[in-house]
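The residues making up each chain are set out below.
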Amino acid sequence: MKANLEKALSQWKEAVGQEYVRDDEAMLDRYSWCNIPKSVRASAILFPADVDEVQKVVRIAAVCEVPLYPISQGKNWGYGAACPVQEDNVILDLRRLNKIHEVNEKLAYAVVEPGVTQQQLYNYLKEHQIPLEFDVTGASPEASLLGNILERGYGQTPYSDHFLNSCSMEVVLADGRILETGFGHYPNAKTRYLYKWGIGPYLDGIFSQSNFGIVTKIGIWLLPKPPHFGVFFFDIPDDRWLGETVERLRELKLQGVLTSAVHLFNDIRVISSLQQYPWKETYGKTPLPEEVRKDIQRKHRVKAWNCAGGLRGTRKQIRANLDRIRKSLRGLVRVHYLSDTMIYWLERFEQPLKKISGLDVRRRVSFLNLLRGIPTENPQLACYWRKRKKAPEDHYTPLKDRCGLIWCSPMIPMTGEDVLAFLQMTRSICTQYGFETNVSMNLVTERALDCVVAISYDKEDPHETLKASECHREILKSYLEAGYIPYRIDTQSMNVILQDDPFWQVCREIKRTLDPHHIFSPGHYNFPP
């Protein structure tokens, strides 16, 4: 293996430039940082500049039989960051492929490479005064748009399903060929980025959450900026009202009243985005004692459950949908509303309002802005929840600061019965291992809830790191047994979800066909060569 690697490194230096092939200890250490318990060290890191260089790198890897682990920006915090699944991989960092190839204002789409970040596209639209926006996540503003699409992530707006609202890929295969999906393989196709399905079998899906190829370009559908925007929100004091609230939200979603994603956050999820764990007040005790929890709820004016969603359109359309929401939820919760004008004044008078109310207005407004396509790093404070050292004031670096975070994201039916069963299971296991139940439930589709459970710990504490790993293993096992299968998985748990069934058998057959020498991301879902 070492001889093969040395041979490959020599050829890669010629292909992409010596300064873009790194195997020094400092760089290898940097890329081994991750927030999940298991860190994996790469053999080298490559930084190609364009798709031609990616092809050269792949062909050399195939000849030398050195596995590659492609990443876009490595900001996938709670799922593994930039770490490979296995040792002896060479990381292919695609951040230098950062071109915005096209933004079509009339047909509302953009074409981007893997290195294009949320902040980059936002700045581009703003600087060019293009009246379009895109769906953002609560991840880092420097997170890759393409990377999140391939992980089938979601956001806030009517385009919250990111993979659904992508169109046509450019993919480098393990033999160096370029595959254009959809209508992209027809040179004169005028609807390449307008119609997802193309003609014949739909191949885009096999390159999401897989190791079958390297996606180097993708189309993203954009939204016209609405005439007006607002946010409805309400809180729920305890679980007694939660199940029925979810039932009524599902009906509103099915009826088309709730066009954007709607988020239900429990108190710990909100509190962890506003402050770190109160180590002093709890005398180091974990999980968070109930009396301290109640004090923090009062301090931040947070209830057991907190719901928010965006409304877009004309004032008349927003008013009509808001009336429907209030009517449907009457007798359960009191629905509040902030218009775009109100949000503007909150931003303008942030400091005086903070002095009067004692609330962190800036962080609250940044979440509201997420709902209308403005990236922010404020939610990343949640990575520091269990960290004993103080978080930075402005720019968060959760990898460098050794924050511990594991995400588990089961999909559950959007019924009150399933919500309560899921919560009972989650709370029992989190409490058993000494962690707070930190959860959000997100109405991304009309029928299912995407639930994100965050296990936050201090990675500099070996005992807490071990407990976090055990808690995650137990909670994932329980979800699978209950039929609540996660919609994505972290790099240390891919073997847990595998079964010897026709689905995974076919996946292995596709892998053997497209990547017979197992060059791309070995260990990813444990597909054998």
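A few points on the structure.

Here we look at the sheet that holds strand 5 (residues 100-104)
What the five strands build is an open sheet, ordered 5-6-10-8-9; its pairing is antiparallel. Both edges of this open sheet fall to strand 5 and strand 9 (178-180), since each of them pairs with a single strand only. Neighbour-to-neighbour, the strand axes of the sheet open up by a mean angle of 10 degrees, direction not taken into account. As defined by bridge partners, strand 8 (residues 166-172) adjoins strand 9 across three bridges and the pair is classed as antiparallel. Within strand 9, the residue paired with V171 across the bridge is L179. Strand contacts of helix 3 (residues 51-64): strand 8, strand 9 and strand 10 (214-221), with the helix running at about 45 degrees to strand 8, the strand carrying the most contacts. Across the sheet, helix 4 (residues 118-127) touches strand 5 and strand 6 (109-112), and the angle it forms with strand 5 is around 45 degrees.

Notes on the pattern of salt bridges
A complete count under the given rule lists 29 salt bridges for this structure. In this structure, E151 engages R488 in a salt bridge whose closest nitrogen and oxygen atoms are separated by 3.8 Å. On the criterion of sequence distance, the pair formed by E151 in the loop between helix 5 (145-150) and strand 8 and R488 in the loop between helix 15 (462-482) and helix 16 (502-514) is long-range, its members being 337 residues apart. A salt bridge links E251 to R250; the nearest nitrogen and oxygen atoms lie 3.3 Å apart. Note on R250: relative accessible area 16%, which makes it buried. Here the salt bridges do not stand alone but share partners, grouping R386, K387, R388, K389, E436, D458, E460, D461 and E464 into one network.

Some points on the packing of helix 6 (residues 242-254) against helix 14 (residues 416-432)
At their nearest, the axes of helix 6 and helix 14 sit 8 Å apart, and the two run at 135 degrees to each other. The angle between helix 6 and helix 14 places the two elements in the oblique class. Between helix 6 and helix 14 lies a crossing of right-handed hand. Where helix 6 abuts helix 14, its residues L242, G243, V246 and E247 lie against G416, E417, V419 and L423. Grouping the amino acids of the contact of helix 6 with helix 14 by side-chain chemistry returns four nonpolar, two polar and two charged.

Section: the packing of aromatic side chains
Pairs of aromatic rings are described using the distance from one ring centre to the other and the angle between the two planes. Taken as a whole, this structure holds 13 aromatic pairs when the rule is applied. Judged by centre distance (5.5 Å) and plane angle (80 degrees), the ring pair of F265 and F367 falls under edge-to-face. Of this pair, F265 sits in strand 13 (residues 262-266) while F367 is found in helix 13 (residues 361-370), placing the two residues 102 residues apart along the sequence. Judged by its relative accessible area of 16%, F265 falls in the buried class. On the basis of relative accessible area, F367 is assigned to the partly exposed category, the value being 22%. An aromatic cluster is present here, built from Y277, W279 and W385 joined pairwise through their rings. Between the NZ or CZ atom of R30 and the centre of the ring of Y31, over which it lies, the distance is 5.6 Å. Over the ring of W279 we find R388, and its NZ or CZ is 4.0 Å from the ring centre.

A closer look at a nonpolar patch on the surface
On the surface, a cluster of nonpolar side chains totalling about 380 Å² of accessible area is made up of L107, L194, Y195 and W197. You can see L107 is positioned in the loop between strand 5 and strand 6.

A short note on the sheet that holds strand 3 (residues 68-71)
Ordered in space as 1-2-4-3, the four strands form an open sheet in which the pairing is mixed. The open sheet has two edge strands, strand 1 (21-22) and strand 3, and neither has a second partner. Where helix 3 meets the sheet, it contacts strand 2 (44-46), strand 3 and strand 4 (90-93), and its direction lies at approximately 155 degrees from that of strand 3.

Re the pairing of strand 18 (residues 439-443)
Across the five residues that make up strand 18, a large majority, five, are buried. Along strand 18, one buried face is formed by V439, M441 and L443 and the opposite face, lined by S440 and N442, is buried too. Relative to strand 18, strand 13 runs antiparallel, the two being bridged by four bridges. When the sheet's bridge partners are listed, V262 is paired in strand 18 with L443. Relative to strand 19 (residues 448-458), strand 18 runs antiparallel, the two sharing four bridges. When the bridges of strand 19 are listed, N442 appears paired with D450. Where strand 18 hands over to strand 19, the hairpin turn is made up of four residues, counted between the paired strands.

With respect to unusual backbone geometry
Looking along the chain, the bond that leaves T286 and enters P287 is cis, with omega of -5 degrees. As for its placement among the helices and strands, P287 is situated in the loop between helix 8 (279-282) and helix 9 (290-300). Positioned with a positive phi, E65 is a non-glycine residue whose angle comes to about 55 degrees. Along the polypeptide, E65 turns up in the loop between helix 3 and strand 3.

Reading guide: rules and limits
- Residues numbered from 1 in each chain as written.
- Predicted model: local features only at pLDDT ≥ 70, side-chain atom pairs only at ≥ 80, totals over all residues.
- Heavy atoms only, no water.
- Pairing = 2+ DSSP bridges.
- Helix = DSSP H or I, 4+ residues; strand = E, 2+ residues; numbered from the N terminus.
- Axes fitted to C-alpha atoms, helices over the stretch in contact; angles between N-to-C directions.
- Contact = heavy atoms within 4.5 Å.
- Salt bridge = Lys/Arg side-chain N within 4 Å of Asp/Glu carboxyl O.
- Buried < 20%, exposed > 50% of the residue type's maximum accessible area, 1.4 Å probe, protein only.
- Parallel < 35°, antiparallel > 145°, perpendicular 65-115°, else oblique.
- Left-handed = near helix turned anticlockwise from the far one by under 90°.
- Nonpolar A, V, L, I, M, F, W, Y, C, P; charged D, E, K, R; others polar.
- Phe/Tyr/Trp six-rings, centres within 6.5 Å; stacked < 30°, edge-to-face > 60°.
- Lys NZ or Arg CZ within 6 Å of the ring centre and 35° of its normal.
- Patch = residues over 30% accessible without salt bridge, like charges linked within 9 Å, V, L, I, M, F, W, Y side chains within 5 Å.
- Areas by Shrake-Rupley, 256 points an atom, 1.4 Å probe, with all protein chains shown as cover.

Read these as layout, nothing more, since geometry by itself doesn't imply function.
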